[in-house]
Amino acid sequence: MTVRAVLFDIDGTLVDSNYLHVQAWSEAMAAAGHPADDASIHRAIGMDSDLLLRSVLGRDTPTPVTDAAAAGHADRYQALASRLRVFDGARELLHAIHSGGRQVVLATSAPPAELDALLAVLDAADDVDHVTSGEDVSQAKPAAELIEVALGRAGVTAAEAVLVGDTVWDGEAAARAGVAFVGVLSGGIARAELAAAGAVAVYDDVATLLGDLDASPLRNDVSTPGSTRPGPRHG
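Keep in mind it's a predicted model, so treat the numbers as computed, not measured.

Reading the values: the criteria
- Residues numbered from 1 in each chain as written.
- Predicted model: local features only at pLDDT ≥ 70, side-chain atom pairs only at ≥ 80, totals over all residues.
- Heavy atoms only, no water.
- Pairing = 2+ DSSP bridges.
- Helix = DSSP H or I, 4+ residues; strand = E, 2+ residues; numbered from the N terminus.
- Buried < 20%, exposed > 50% of the residue type's maximum accessible area, 1.4 Å probe, protein only.
- Contact = heavy atoms within 4.5 Å.

Colleague: Where do I start with the sheet that holds strand β7 (residues 180–184) in this structure?
Modeller: Backbone-to-backbone hydrogen bonds join strands into a sheet, with any given pair of strands oriented parallel or antiparallel. In spatial order, the strands read β5-β4-β1-β6-β7-β8; together these 6 strands make up an open sheet with parallel pairing. The sheet is open, and its two borders are formed by β5 (130–131) and β8 (199–203), each paired with just one other strand. The sheet contact formed by strand β6 (residues 161–165) and β7 spans 4 bridges and is parallel. Residue pairing across strands places Val164 opposite Val182, the latter belonging to β7.

This is how it looks when you write it as structure tokens:
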């Protein structure tokens, strides 16, 4: 079916924020008395925050500890927000899709304060049709709920949408919702891992995707999740 809406993760996809999240979580966990390796934190970025904490700190971690770490992350991330940077090509990609007649949906579970900071640095309101937030769902990625909410906002079926994201959690959520997934490497996850998570194509970043837009799954009929269609091997 023809693509009618393109769903975008924001963190690590449109805005360079993943490593700020890693720093904020690392400092918050240490302050809560449970330091963790940054590599373990990075691999969980993009996951629902409750799942992230249990994944990194362990399922048996006391709730007061995870609550303290979550609050600490929020405070520390806000302190780092001035370092947020929009990726090259992000605004231009959103404009190209929107002006081409397809809906642009920012499909994120960021809480309101984080979302405000992301939208401010992205500065692309004129090319965005819909935005989700953490207030719209009970559980974030890899659950499918966020993708389903985004589809509902756009009024399209799963077969008429593509999700662009940077983590395996984006891919898992897309697969559960029946939406095709296009990966980008800008969040720090390897090409092979994104492909294993169901990506029908993987690009270095959104600037590379913009350069290949006419031939990409964003402007063409897409294979269903789990297909064997190879993606471009840029970089």
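We are not done yet, so read on.
Colleague: Even after reading the chapter, I still don't get the side chain of Ser133, so can you show me in this structure?
Modeller: Structurally, Ser133 is set in the loop between β5 and α7 (145–154). Of the residues examined, Ser133 reaches a relative accessible area of 11% and is grouped as buried.

Colleague: Can you walk me through α7 in this structure?
Modeller: Since one α-helical turn is 3.6 residues long, residues separated by three or four positions face the same way. For α7, the set of buried residues is Leu146, Ile147, Val149, Ala150, Leu151 and Ala154. Tucked inside the fold, the buried residues of α7 contact β1 (5–8), β4 (103–106), β5, β6 and α8 (168–177). Phi turns positive, to about 70 degrees, at Gly155, one or two residues after α7.

Colleague: Please explain unusual backbone geometry as it appears in this structure.
Modeller: Most peptide bonds adopt trans geometry, and most residues besides glycine take a negative phi value. Here Lys141 and Pro142 are connected by a cis peptide whose omega angle stands at 15 degrees. Here Pro142 is to be found in the loop between β5 and α7. Its identity is not glycine, yet Asp123 carries a phi of approximately 55 degrees, on the positive side.

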